[in-house]
Amino acid sequence: MSENSNKKFLTRRYLLFLVSVFINAYGISFITKALLGTSPITSVNYVLSMFTPLTMGQWTIIVNLSFLVFEFFLMSRAQLRADLRMYLLQIPISLCFGTFIDISMSSLEWLAPAGFPAKTASVLAGCVILGLGIALEVKADVAMVAGEFFVRVIARRIHGDFGYVKLGFDIANVLIACGLSLAFLSAVRGVGLGTVAAAVLVGPVVHVLTPWCRVLDPLLGYGRERRAGAAAAPAGHAVCTIAREFGSGGRMLGEMLAAKLGVKVYDREFIKLAAKNSGMDEEYIMKNEQTIPSFWLKCILSQGYGTQAGRGLSADDVLFVAESKTVKEIADREPCVIVGRCADFVLKDSPNVIRVFCNTDMQSALQRCVNEYGLGRDKALQEIRRINRARANHYEYYTGQRWGDPHNYDITINTSHVSLDTACGMIMKMMKR
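First things first, this report covers the structure right here in the doc.

Definitions and cut-offs
Residues numbered from 1 in each chain as written. Predicted model: local features only at pLDDT ≥ 70, side-chain atom pairs only at ≥ 80, totals over all residues. Heavy atoms only, no water. Core = buried A, V, L, I, M, F, W, Y, C linked by side-chain atoms within 4.5 Å. Buried < 20%, exposed > 50% of the residue type's maximum accessible area, 1.4 Å probe, protein only. Helix = DSSP H or I, 4+ residues; strand = E, 2+ residues; numbered from the N terminus. Contact = heavy atoms within 4.5 Å. Axes fitted to C-alpha atoms, helices over the stretch in contact; angles between N-to-C directions. Parallel < 35°, antiparallel > 145°, perpendicular 65-115°, else oblique. Left-handed = near helix turned anticlockwise from the far one by under 90°. Nonpolar A, V, L, I, M, F, W, Y, C, P; charged D, E, K, R; others polar. Pairing = 2+ DSSP bridges. Phe/Tyr/Trp six-rings, centres within 6.5 Å; stacked < 30°, edge-to-face > 60°. Lys NZ or Arg CZ within 6 Å of the ring centre and 35° of its normal.

1. A short note on the nonpolar core
Next up, step 1: Counting 33 residues, the largest nonpolar core has Phe 17, Cys 127 and Val 202 as the members making the most contacts within it.
Next up, step 2: Those elements that place two or more of their residues in this core are helix H1 (3–33), helix H5 (84–107), helix H6 (116–140) and helix H9 (193–209).
Next up, step 3: Considering each element in turn, this core owes the most residues, 8 residues, to H6.
Next up, step 4: Those residues in contact with Phe 17, other than ones at most four positions away along the chain, are Ile 93, Glu 137, Ala 140, Val 142, Ala 143, Met 144 and Val 145.
Next up, step 5: One finds Ile 354, Val 356, Cys 358 and Ile 413 within the second-largest nonpolar core, a separate group that totals 19 residues.

2. Digging into the packing of helix H7 (residues 146–158) against helix H8 (residues 162–185)
Next up, step 1: Between H7 and H8, the least distance of the axes is 9 Å, while the angle of their chain directions is 120 degrees. By the criterion of interaxial angle, the relationship of H7 to H8 is oblique. Of the two elements, H7 crosses H8, and the hand of that crossing is right-handed. Every residue of H8 that contacts H7 at Gly 147, Glu 148, Phe 150, Val 151, Arg 152, Ile 154, Ala 155 and Ile 158 is listed here: Phe 162, Val 165, Lys 166 and Phe 169.
Next up, step 2: The class makeup of the residues in the contact of H7 with H8 is 8 nonpolar, 1 polar and 3 charged.

3. Comments concerning the pairing of strand E1 (residues 239–244)
Next up, step 1: Most of E1 is tucked away, with 6 of its 6 residues classed as buried.
Next up, step 2: By the bridge criterion, 4 bridges tie E1 to strand E3 (residues 336–339) in an arrangement that is parallel. Each bridged residue has a counterpart across the sheet, and for Cys 240 the counterpart in E3 is Val 337.
Next up, step 3: The pairing of E1 with strand E4 (residues 353–359) spans 6 bridges and is parallel. In the strand pairing of E4, Ile 242 is matched with Val 356.

4. Here's the deal with the sheet that holds E4
Next up, step 1: Judged by pairing direction, the sheet is parallel, and its 5 strands sit side by side in the order E2-E3-E1-E4-E5 without closing on themselves. The sheet terminates laterally at strand E2 (264–266) and strand E5 (411–414), the two strands that pair on one side only. The mean inter-strand angle of the sheet, taken between neighbouring strand axes irrespective of direction, is 20 degrees.
Next up, step 2: Summarising the sheet, E4 and E5 pair through 4 bridges and their orientation is parallel.

5. Brief notes about the packing of aromatic side chains
Next up, step 1: Going through the model one piece at a time under the given rule, you end up with 10 aromatic pairs.
Next up, step 2: Ring geometry for Phe 67 against Phe 169: centres 5.8 Å apart, planes inclined by 65 degrees, an arrangement best described as edge-to-face. Pair noted here: Phe 67 is in helix H3 (residues 56–74) and Phe 169 is in helix H8, with a separation of 102 residues, a long-range link. Across this residue pair, the class does not change: Phe 67 and Phe 169 are buried.
Next up, step 3: Centre to centre, the rings of Phe 357 and Tyr 409 are 5.2 Å apart; their planes meet at 40 degrees, and the pair counts as tilted. One end of the pair, Phe 357, is in strand E4; the other, Tyr 409, is in the loop between helix H19 (377–399) and E5, and 52 residues separate them in sequence.
Next up, step 4: The class of Tyr 409 is buried, set by a relative accessible area of 7%.
Next up, step 5: Each residue in the set Phe 67, Phe 70, Phe 150 and Phe 169 is aromatic and connected to the rest through ring pairs, giving one cluster.
Next up, step 6: Across from the ring centre of Phe 9, 5.0 Å away, lies the NZ or CZ of Lys 8, which sits over that ring.
Next up, step 7: Between the NZ or CZ atom of Lys 348 and the centre of the ring of Phe 345, over which it lies, the distance is 5.5 Å.

Okay, structure coming up:
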C-alpha cells in the first residue's frame, strides 16, 4: 500500500473517531434526558452541573483534562514515550467530547419524556446510540477518550484486567456522584435506573453492532494487505479445520482424516503450543480454552473495546490470541488437520483451507457419549448442553459470527446421518481438488 493511501485511510479513521465521539455524546444525552440517571462515566459531571454554573459538557472537559495530570504521575517514562501521541490526543478529544455533549443536550431540549414507559424508551435509545458510537470508535482504532485511557493507565500500573478495572472505575464514579448529590443537593440525583441500564446494556449492544461495522473495512483500508497477500499466495499445502458439536465425532473424524492423508492432527497438542506462545500454565489452558466465564459479563466488562488501540487484554483474550497465532503458524508450516480453536475464522482469508462443521442430533450425541466416551446418560446430557453452549459463546464473542452458521464453512456434516468414513472420503476429495 502506498504512503498516500496510508495517509488517506488514516485520515478517514480519525474522521470516523470524531464522528463516534459525537454519537457517544448524543447517546449520553438521550440517557440523561430521561431523568433516570446518566451513564456511569458522566455521572459525576452531571451531578456537578446541577449545583454549579458550569454545564455537564464543561465539567466533562475539566474532569477529563484532570485525568491527564494523574496519568502523568502513574505512567513510567517508557510508557509515556510509547503512548505520547495517544496521551496528547486526549486534550483535543476532551475538548470535542465536552462540546459535543453540550451541543447534543441543547439540541434535545424538546426531549422531555413524561411517564416511566417514555423515560425507559429514552434510556434504551440512548444505550443503543452510545453502543453504536463505541463500536465505531473501536473500528476507527486510532485513539481513546480520556476516561478509557485513564482506566488503561491504572490497569497497567496495578497489573489488572482492563475490564475489571473499568468496572471498578465506573462504580467509583457512581459512588462519588451519590456522595456529591447527597452533600450539595440533599438527595441522590443523577444516578438511577438509567445508570444501571447503561452499565448493563451498552456492552452487549456494542457486541451486537460490531460485526455490522465491517462494512466500513474497505473505506478504512482494513484487510487490503491481507487480501493482496492471499491473492498472490501460491497453491501450497491443504489444511482442514474441523469445528464440532460435542458428541458429533468431530475429533475422531479429524484423527481419521489425518491418518488417511498422512498428516498431523492438532487438537490436544494445542495446549502445549499455546502455553509456549502465551506463557500460561497448561492446566489453566486445559480448563479455560474455548470458554468464557460468562458471555453477558464478558460483554459488559469489555464493552466491545477488546484489544483495540492498545486496550488491556484479559487472560481469556491472551489465550485466544496465543492460540490464533499458533493456528496461523501451523497452517503456514505444513499440511494438517486442526480441530476447534476457531481455526475456520482465524484462517478465513488463507488459501487452500477446507472448513468443516460437524453436527448431530441429540440422540446420536448421547449414544456416542455413553458408548465411546464412557459417560452416564444424565451426565452426558449435561455435558452436551454445557460444552456446546460454551463453544458457541466463545466463538460468537471472539469472531462476531454465529457458531455453526453454514455460511462460515465449506461443508457441514450431520454425523447422525453420514458415517465418519463417508464424511472422511468427502473431505479428502475436496482437499485433493
